[in-house]
Amino acid sequence: IAADAQAHGIAGNRFFPATLAVDDPAVADELTAPQIQEFKDADSGAWTRTTSAEYSKRVTRSFGVSFGETYIQQAGRGGQKEINGFDNVDVTAKYQFITNDAHELIVSAGLGWGIGGTGAERVGAERFSTLTPTLFFGKGFGDLPDSTPYLQPLAVTGSLGIGLPTQNYKNTVDADTGALSREAHPDLLNYGFTLQYSLPYLQQHVRDVGLTAPFNRLVPLVEFNFQTPFARGGSRTTGTINPGLIWAGTESQIGVEAVIPLNGDSGKGVGAVAQLHFYLDDIFPGSLGRPLLDVP
């Protein structure tokens, strides 16, 4: 049963917060500013900081677009200078085609566009674009039987997409030897999921266990975010596992997570990420928080 899309990830009694590593399934009017992540680069071992922002706008109640940008700073090593610059701009269109209140289910489809040539090559921004069709979902477990009340606050969200570069290969000529080399750009399977336990859901819809502020608004979670190259070569699967907490207020949320690399190709040591996120549909319900077109 499909219903009209609702603001910032609500299906029945379930609220799906905006997660930090795996994009949530909702179409909403939102602003992330900033999200800051620090980790050690897998190749150089240098500390890298990324500072990103994303603005999401509903065109209709079920369809929206988002615009994101990231600034990258990498510390110098061995006498090298710090490297910094903007990554390519990301644009995503998303359509929320299922909102099932009874089963706390949201399903959306989207298309991401990493716009090649809009970032700095010195920080690894590619000259070619990447198109990523993606399926998103969110499922709460409030429909479990009353015999398992403490499982009802659980929820899972996830995404599955294929990154398709607009340039399959790049030919380069060595300036000293004149040797020709060919660099392959593989397709990428991007996939991830989150496991969440909503303390607000527990308190409001299962049983009042006496939680007070700030614990009554916490959502403990673990995010799993992976990337596997295929076609035209590529390295092994990379990704991170991110345990953390989200505090969700009425108009904003704050999230903090550890960033644990899946393997040596994913990074070195444990990093961290923090996010400040605003629900524009609650802050500006009569202006910025409204869909541009009042249609489903």
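## A look at the pairing of strand 3 (residues 30–40)
Then step 1. Two strands pair when backbone bridges link them, and strand 3 and strand 4 (residues 47–58) are joined in this way by 9 bridges, in the antiparallel orientation. Paired with Glu38 across the bridge in strand 4 is Arg49.
Then step 2. Hairpin geometry of strand 3 and strand 4 is characterised by an intervening segment of 6 residues between the two adjacent antiparallel strands and by a positive phi of about 75° at Gly45.
Then step 3. Sheet topology note: the strand 3/strand 17 (residues 268–279) ladder contains 8 bridges and is antiparallel. For Leu31, the partnering residue across the bridge sits in strand 17 and is Phe278.

## Notes on the packing of aromatic side chains
Then step 1. Applying the stated criterion across every chain yields a total of 5 aromatic pairs.
Then step 2. Between the aromatic rings of Phe15 and Tyr279, the centroid separation amounts to 5.8 Å while the plane-to-plane angle is 80°, which identifies the pairing as edge-to-face. Here Tyr279 lies in strand 17 and Phe15 lies in strand 2 (residues 14–15), a separation of 264 residues in the sequence.
Then step 3. For Phe15, a relative accessible area of 25% translates into the label partly exposed.
Then step 4. Note on Phe193 and Phe224: the rings are 4.6 Å apart at their centroids and 15° apart in plane angle, and the pair reads as stacked.

## Structural notes on a nonpolar patch on the surface
Then step 1. Taken together, the side chains of Leu111, Trp113, Leu131, Ile162, Leu164 and Phe230 define a hydrophobic patch exposed on the protein surface, amounting to about 490 Å² of accessible area.
Then step 2. Of all the secondary-structure elements, those providing two or more residues to the nonpolar patch are strand 8 (105–114) and strand 10 (154–165).
Then step 3. Tracing the sequence through the fold places Leu131 in strand 9 (residues 130–140).
Then step 4. Using a relative accessible area of 35% as the deciding quantity, one classes Leu131 as partly exposed.

## A few points about helix 1 (residues 199–206)
Then step 1. For helix 1, the complete set of buried residues consists of Leu199, Pro200, Tyr201, Leu202 and Gln203.
Then step 2. Those residues of helix 1 that are buried are in contact with strand 2, strand 13 (187–197) and strand 14 (218–230).
Then step 3. For helix 1, the N-terminal capping position is held by Ser198, with its side-chain oxygen 3.1 Å away from the main-chain nitrogen of Tyr201.

## Describing the nonpolar core
Then step 1. If you look at the biggest cluster of nonpolar residues, it comprises 6 residues: Leu20, Val219, Leu221, Ile246, Val259 and Val273.
Then step 2. When residues no more than four places from it in sequence are discounted, the contact partners of Ile246 are Pro17, Ala18, Thr19, Leu20, Arg217, Leu218, Val219, Leu221, Gln253, Ile254 and Gly255.

## Describing the environment of Ser159
Then step 1. Looking at the secondary structure, you find Ser159 in strand 10.
Then step 2. Overall, Ser159 belongs to the buried group, its relative accessible area being 15%.
Then step 3. Along the chain, Ser159 and Ile241 lie 82 residues apart, while their C-alpha atoms are 15 Å from each other.
Then step 4. Residue contacts for Ser159: discarding those within four places in its chain leaves Val22, Thr134, Leu135, Phe136, Phe137, Asn190, Tyr191 and Gly192.

## Overview of unusual backbone geometry
Then step 1. Along the chain, Ala33 connects to Pro34 via a cis peptide bond; the corresponding omega equals 0°.
Then step 2. Looking at the secondary structure, you find Pro34 in strand 3.
Then step 3. Residue Ala213 is joined to Pro214 through a cis peptide bond whose omega torsion reads 0°.
Then step 4. For Pro214, the location among the structural elements is in the loop between helix 1 and strand 14.

## Comments concerning the side chain of Asn100
Then step 1. Of note, Asn100 is situated in strand 7 (residues 90–100).
Then step 2. Polar contacts involving the side chain of Asn100 include one to the main-chain amide nitrogen of Ala102, which spans 3.2 Å.
Then step 3. Here the side chain of Asn100 touches His103 through a polar contact of 3.0 Å, landing on its backbone nitrogen.

## A word on the environment of Phe226
Then step 1. Structurally, Phe226 is set in strand 14.
Then step 2. Exposure remark for Phe226: the relative accessible area of 16% places this residue in the buried category.
Then step 3. When the C-alpha positions of Phe226 and Ile83 are compared, they lie 26 Å apart, and in sequence the two are 143 residues distant.
Then step 4. Sequence-distant contacts of Phe226, that is, excluding residues within four places in its chain, are made with Leu189, Asn190, Tyr191, Thr237, Thr238, Gly239, Thr240 and Leu262.

## Some words on the confidence of the model for the chain
Then step 1. Per-chain confidence: the chain averages 92 in pLDDT, with 96% of residues scoring 70 or above.
Then step 2. The low-confidence segment residues 1–5 (pLDDT under 50) makes 13 contacts with residues lying over four places distant or belonging to another chain.

## Some words on the pattern of salt bridges
Then step 1. The full count for this structure, using the stated rule, is 9 salt bridges.
Then step 2. Across the pair Glu104 and Arg14 runs a salt bridge whose closest N-O atoms are separated by 3.1 Å. Placement of Glu104 in the loop between strand 7 and strand 8 and of Arg14 in strand 2 is noted, with a sequence separation of 90 residues between them.
Then step 3. As a salt-bridge pair, Lys57 and Asp29 come within 3.0 Å of each other at their nearest N and O atoms. Of the two residues, Lys57 is situated in strand 4 and Asp29 in the loop between strand 2 and strand 3; the sequence distance between them amounts to 28 residues. For the pair Lys57 and Asp29, a shared accessibility class is recorded, and that class is buried.

Each value, and the rule that gives it
- Residues numbered from 1 in each chain as written.
- Predicted model: local features only at pLDDT ≥ 70, side-chain atom pairs only at ≥ 80, totals over all residues.
- Heavy atoms only, no water.
- Pairing = 2+ DSSP bridges.
- Helix = DSSP H or I, 4+ residues; strand = E, 2+ residues; numbered from the N terminus.
- Phe/Tyr/Trp six-rings, centres within 6.5 Å; stacked < 30°, edge-to-face > 60°.
- Buried < 20%, exposed > 50% of the residue type's maximum accessible area, 1.4 Å probe, protein only.
- Patch = residues over 30% accessible without salt bridge, like charges linked within 9 Å, V, L, I, M, F, W, Y side chains within 5 Å.
- Areas by Shrake-Rupley, 256 points an atom, 1.4 Å probe, with all protein chains shown as cover.
- Salt bridge = Lys/Arg side-chain N within 4 Å of Asp/Glu carboxyl O.
- Contact = heavy atoms within 4.5 Å.
- Polar contact = N/O pair within 3.5 Å; in protein donor to acceptor, adjacent residues only side chain to side chain.
- Core = buried A, V, L, I, M, F, W, Y, C linked by side-chain atoms within 4.5 Å.
- pLDDT = per-residue confidence, 0-100.

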